[in-house]
Amino acid sequence: MRKTHTWHDCWNDVLRNVIFSDAELRNLLLIPIKEQKDIRAFISRYFVEDAMPDVIMTDEKVRVVYYETEGSKLNNDPHITKKYLEFDIYVKEDSLYNISTDRLCRRDKKISQRLKELLTGSPYVCGLRFTWEDDYHLGAKTVGYRRFHTVFSYKQTS
């Protein structure tokens, strides 16, 4: 029987072995000590995959919501698609500027920077190669939260 390791299998490895395993990121996300080692709590409450979240977020001080976008064929090659992995970083306003003694340092931007370091710090991360594209502020529909958007790209072959 032939075993195929898909892009999603590699992404699960990134989630498990890189993102969840990073103590600095877990601290930036303000995950309570009792949940620091619980990957199920991590993916259901703090680092959630959802293209269109519809649950009002008021129970966590920080939440990252991520999703893949459709992408486009690269150089007219039907076998290579440039896709995007996008992150929305939500931070409650009372936790936005308390990351360090520098009261101008924003938690959402620190989280974005840490994701950038984790996903682009090596040429390949668990077999995937990410390129940082951009980051910028977006409006948040949840009162009392700020939203910061970070975009990475990757190539997928078929």
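Values in this document were obtained by computation on a predicted structure and should not be read as measured data. (Residues numbered from 1 in each chain as written. Predicted model: local features only at pLDDT ≥ 70, side-chain atom pairs only at ≥ 80, totals over all residues. Heavy atoms only, no water.)

Asks: Sorry, what's going on with the overall build of the chain here?
Replies: Looking only at helices and strands, the chain has four helices and five strands in total. Order of helices (α) and strands (β) in the chain, N terminus to C terminus: α-α-α-β-β-β-α-β-β. Relative to its length of 158 residues, the chain is compact, with a C-alpha radius of gyration of 16 Å against a globular reference of 15 Å. Each principal axis of the C-alpha distribution contributes one length, and for the chain these read about 50 × 35 × 30 Å. Counting the 158 residues in the chain, one finds 40% classified as buried. A sequence separation of at least 24 residues applies to 54% of the contacts in the chain between residues at least 6 apart. If you sum the accessible surface of the chain, you get close to 9500 Å²; carbon and sulfur atoms cover 50% of it. Side-chain charges of the chain comprise 26 positive and 24 negative groups, with the mean position of each set lying 2 Å from the other. (Helix = DSSP H or I, 4+ residues; strand = E, 2+ residues; numbered from the N terminus. Rg over C-alpha atoms; globule rule 2.2 N^0.38 Å. Buried < 20%, exposed > 50% of the residue type's maximum accessible area, 1.4 Å probe, protein only. Contact = heavy atoms within 4.5 Å. Areas by Shrake-Rupley, 256 points an atom, 1.4 Å probe, with all protein chains shown as cover. Lys, Arg positive; Asp, Glu negative; His and termini not counted. Charge placed at Lys NZ, Arg CZ, Asp CG, Glu CD.)

Asks: Any chance you could explain the side chain of R26 here in plain terms?
Replies: In this fold, R26 is placed in helix 2 (residues 23–28). One buried charged side chain, R26, makes no salt bridge at all; its nearest oppositely charged neighbour is D22, positioned 7.2 Å away. (Salt bridge = Lys/Arg side-chain N within 4 Å of Asp/Glu carboxyl O.)

Asks: Looking at this structure, I do not really get the environment of N98. What am I missing?
Replies: Structurally, the position occupied by N98 is in the loop between strand 3 (77–92) and helix 4 (107–120). Sequence separation between N98 and E49 is 49 residues; the distance between their C-alpha atoms is 26 Å. In this structure, N98 is in contact with R103 and R107, ignoring residues within four places of it in sequence. Of note is the side chain of N98, whose polar atom sits 2.8 Å from the side chain of R107. (Polar contact = N/O pair within 3.5 Å; in protein donor to acceptor, adjacent residues only side chain to side chain.)

Asks: Just to check I follow, could you spell out unusual backbone geometry for this structure?
Replies: Across the chain, the bulk of peptide bonds are trans and the bulk of non-glycine residues have phi less than zero. The phi dihedral of L30 is positive, around 55°, even though this residue is not glycine. By secondary structure assignment, the location of L30 is in the loop between helix 2 and helix 3 (39–46). A positive phi is found at C126, a non-glycine position, where the angle reads about 55°.

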